[in-house]
Amino acid sequence: MPDIAVPTVPFDCPGTTPPWAAMAMARDQAIRQTRDIWLSGNDLPARWQGKAHFSICETGFGAGWRFLTTWAAWRNDPDSSKRLHFISCEAQPYSSTDLAAIHAQLLRQDTELAALAAELLAQWPLPVSGFHRLELDRGRVILTLLLGEPRVWLQKLLGRLNAFFLDSGAFEQGLLKQFTRLAANDATLASPDDGTIGLESISAAGFIGEARQGRLIGRFRGRREQATAPSERHAIVLGAGLAGSAVAERLARRGWRITLLERHASPAQGASGNHAGVYRPVISSDDNLQARLARACFLYGQRRMASLPGLLWRRCGTLQLARDEAEAARFELGARQAIFPPAYLEFVDRDRASRLAGQTVATSGIFFPQGAVIHPPSLVDAQLSAGGSAVYSHFGVEVDRLAHTDGAWQALASDGSVLGQAPVLILANAADAARFAPELGLSSESRYVSYLPQHTAPAIATVICRGAYLTPALAGLACLGSSACSSEAEETTAQTANRGLLGQMLPDSTLPTGDCAPAGRRCSRPNTIDRMPLAGPLADTRQFQPKHAGSLHLAPRRNGLYILGGFGARGLVWSGLMAELLASQIEGEPLPVERELVLAVDPARFLSRHGLGQGHEPE
Ligand SMILES: Cc1cc2nc3c(=O)[nH]c(=O)nc-3n(C[C@H](O)[C@H](O)[C@H](O)COP(=O)(O)OP(=O)(O)OC[C@H]3O[C@@H](n4cnc5c(N)ncnc54)[C@H](O)[C@@H]3O)c2cc1C
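Residues numbered from 1 in each chain as written. Predicted model: local features only at pLDDT ≥ 70, side-chain atom pairs only at ≥ 80, totals over all residues. Heavy atoms only, no water.

Asker: Looking at this model, I keep getting lost on the sheet that holds strand S28 (residues 557–565). Mind explaining?
Answerer: Read from one edge of the open sheet, six strands run S17-S10-S9-S21-S28-S27, paired in mixed fashion. Strand pairing shows two members of the sheet lacking a second neighbour, strand S17 (391–395) and strand S27 (534–539), which therefore form its edges. Between one strand axis and the next, the sheet turns through 20 degrees on average, direction left out of account. Pairing between strand S9 (residues 234–238) and strand S21 (residues 424–427): four bridges, direction parallel. When the bridges of S21 are listed, Ile-236 appears paired with Leu-425. (Pairing = 2+ DSSP bridges. Helix = DSSP H or I, 4+ residues; strand = E, 2+ residues; numbered from the N terminus. Axes fitted to C-alpha atoms, helices over the stretch in contact; angles between N-to-C directions.)

Dropping the structure here:
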């Protein structure tokens, strides 16, 4: 459950003045210490030079002085790593308004840091506890904010980190234990401490310590196996829908070459081809795994999509109406607990919901101001364009079989010809992936969504959902859906069923009568048994043993074979962050979501639940 407090300095309290002088001193000290202690004590910039990526961790973000100073040093170094990961915990994050005020006041004289701070502010997350990944400096600087108590949230981080910035006196064993767990073989730490407090603690935690010139430096003395990306950074991605295009773009950004194979003549012809889809998170009264994952994906995805040129979407908010009185009561109770800021979700009574919608709605509900309606094909196109020339697409090719020979995966056509060969292959081919990995239990569910020309559709100002959905018009068409429909012969029935769904959302609205001819689209969504997506390396079903069930991270894998999919009815929400997770796993970078969520989407989870070794192995 969320564990953050929004602080601190009384910026908007009439009659009070923020303690600017003290804050300016703190800024000066933080900037000076970043250069003299945290960077220099960790032997930076030398140690990040020439690397593909380098990861730094600190335990208090505050106004971001350490981060901004490190970012500036990194971008001013012509030999710096290709990517810089900076991981920071903060239990009392500033609101974006307060952070803007602090930066405006305290960075007036520093144009370089002020420019970086402006970029940071543009992406500053809502005060919602959990992981928030921000991509800055054209995606080269990745800030992962862990909003919440450091000792709670660091435990949830997975990755190998190269340097730790410790505050003076921050030698709590619980935190040091996490640093040790996360340390890469070359990891170092630095702290403004003369050794009297910290030397013993860091030695006990597995670092060889040395106190010198008012600073404490430690070098990790352990040796552990480290994930490394293949030397040939080339992947085959199978399928050009939301999943395939998202992971192709994520890997291309990391310098990978992508061979994209798609059976249709153009992208987004499967489930990702609908005219419009709804972008909204999931809520549950116990904040279950699905709700947590959907929240993380929703918040990340909108930042990412805002940076994609050519995306057709409307950030009109999403109104989720209560299904019944019991749900309405739960919504209201949850909102009263004020766990989430109103910029994330807000309980709205029926009157307010109707005003937001611009039409009389059926019930009260929850409003997500950052919800949206999106044209999925434009997201697919935008992602493929962002991948640029690194993504080489082959359309009109059907992959029939996979083979693994001499450390490379081959995608083969039915006549045995090789369509692509690479050390990494990613299944992003929706339910068809079941042919290559039957243990996943993927299924497909065929549905029909109706297209309503703008002049006949109810004029609504926000997306409305209630077991069904109605979108505002996007490029002249609104979408109403969806109903089960397994064949062309059922489309008229499905069209009628969709019209019936309207009344449960907008009781006073009707569609023009008489015309029930299908105008819409039938397609299949790829479902998993637990309605959670799949993102990660596939398990080696023949090697999987009962002992792996409780420790999926130790489960044997099919070297170089990954899956991204099982998106069900939420492809727009899942795809962005799940692609980032998969790309981070492949590249051996710190992961963008907490450990429990990584396990919840691990493709090996089904083996641990439903018997072992039933898999089908490639030739
Ligand atoms: C009616 C309906 C309404 C929906 N509404 C929403 C919504 O409002 N919001 C939301 O978030 N989500 C919605 N979804 C879900 C969303 O559309 C899907 O989750 C998402 O599009 C799945 O993306 P994908 O890339 O995994 O699959 P797809 O888009 O189906 O892409 C898979 C691709 O792989 C290709 N392929 C498959 N096998 C092979 C092979 N052997 N060789 C070569 N190519 C192959 C296919 O041709 C296809 O292009 C809806 C789904 C449906 C069906």
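Still more ground to cover, so stick around.
Asker: Looking at this structure, how should I read helix H3 (residues 96–106)?
Answerer: Along an α-helix, residues three or four apart share an orientation, since each turn contains 3.6 residues. Among the residues making up H3, those that are buried are Asp-98, Leu-99, Ile-102, His-103 and Leu-106. The arc enclosing the buried residues of H3, seen along the axis, measures out at 130 degrees, which places them on a common side. Along its buried surface, H3 packs onto helix H1 (20–41), helix H2 (65–75) and helix H4 (111–123). (Buried < 20%, exposed > 50% of the residue type's maximum accessible area, 1.4 Å probe, protein only. Arc of directions from axis to C-beta. Contact = heavy atoms within 4.5 Å.)

Asker: What should I look at first to understand the site of the ligand in this one?
Answerer: Taken together, 36 residues lie around the ligand, and Glu-262, Ser-272, Val-278, Asp-432 and Gly-568 are the ones closest in. Residue Ser-272 places a side-chain N or O atom 2.5 Å away from an oxygen atom belonging to the ligand. A distance of 3.3 Å is found between a nitrogen atom of the ligand and a side-chain nitrogen or oxygen belonging to Arg-435. With the chains in place, 96% of the 1,000 Å² that the ligand exposes on its own is no longer accessible. Put simply, the parts of the chain that give the shell around the ligand at least two residues each are helix H8 (242–253), strand S11 (277–279), strand S26 (520–527) and helix H14 (571–587). Classifying every residue of the shell around the ligand by side-chain character gives 16 nonpolar, 12 polar and eight charged. Taken domain by domain, the makeup of the shell around the ligand includes at least three residues from each of domain 2 (234–270 + 377–442 + 528–609) and domain 3 (318–369 + 447–520). (Near = heavy atom within 4 Å. Polar contact = N/O pair within 3.5 Å; in protein donor to acceptor, adjacent residues only side chain to side chain. Areas by Shrake-Rupley, 256 points an atom, 1.4 Å probe, with all protein chains shown as cover. Nonpolar A, V, L, I, M, F, W, Y, C, P; charged D, E, K, R; others polar. Domains from an automatic or database assignment.)

Asker: I'm lost on the pairing of strand S19 (residues 408–412) in this one. Help?
Answerer: Within a regular strand, the side chains alternate between the two sheet faces. Buried residues dominate S19, accounting for five of its five residues. By the alternation rule, side chains of S19 split into Ala-408, Gln-410 and Leu-412 and Trp-409 and Ala-411, which are all buried. The hairpin formed by strand S18 (residues 401–405) and S19 contains two residues between the paired strands, and Asp-406 there has a positive phi angle of roughly 50 degrees. In the sheet, S19 pairs with strand S20 (residues 418–422) via four bridges, with the strands oriented antiparallel. The residue of S20 that forms the bridge with Leu-412 is Val-418. Linking S19 back to S20 in an antiparallel pair, the connection comprises five residues, with Gly-416 at a positive phi of about 90 degrees.

Asker: Quick question: what am I supposed to make of the packing of aromatic side chains here?
Answerer: One pass over the structure, following the stated rule, counts 15 aromatic pairs. Arranged with centres 4.6 Å apart and planes meeting at 35 degrees, the rings of Phe-164 and Phe-179 form a pair that is tilted. Taken together, the residues span a long stretch of sequence, with Phe-164 in strand S5 (residues 161–165) and Phe-179 in helix H6 (residues 173–182) at a distance of 15 residues. Of the residues examined, Phe-164 reaches a relative accessible area of 0% and is grouped as buried. The exposure class of Phe-179 is buried, given its relative accessible area of 1%. Residues Tyr-344 and Phe-368 carry aromatic rings whose centres are separated by 6.1 Å and whose planes lie at 70 degrees to one another, so their mutual orientation is edge-to-face. Of this pair, Tyr-344 sits in the loop between helix H10 (325–336) and strand S14 (346–348) while Phe-368 sits in strand S15 (residues 365–368), and the two are 24 residues apart along the sequence. We note that Tyr-344, like Phe-368, is buried. Here a set of aromatic residues connected by ring pairs shows up, and it is made of Trp-38, Phe-61, Phe-67, Trp-71, Phe-86, Trp-124 and Phe-165. We note Arg-66 situated over the ring of Trp-38; from NZ or CZ to the ring centre the distance is 4.4 Å. (Phe/Tyr/Trp six-rings, centres within 6.5 Å; stacked < 30°, edge-to-face > 60°. Lys NZ or Arg CZ within 6 Å of the ring centre and 35° of its normal.)

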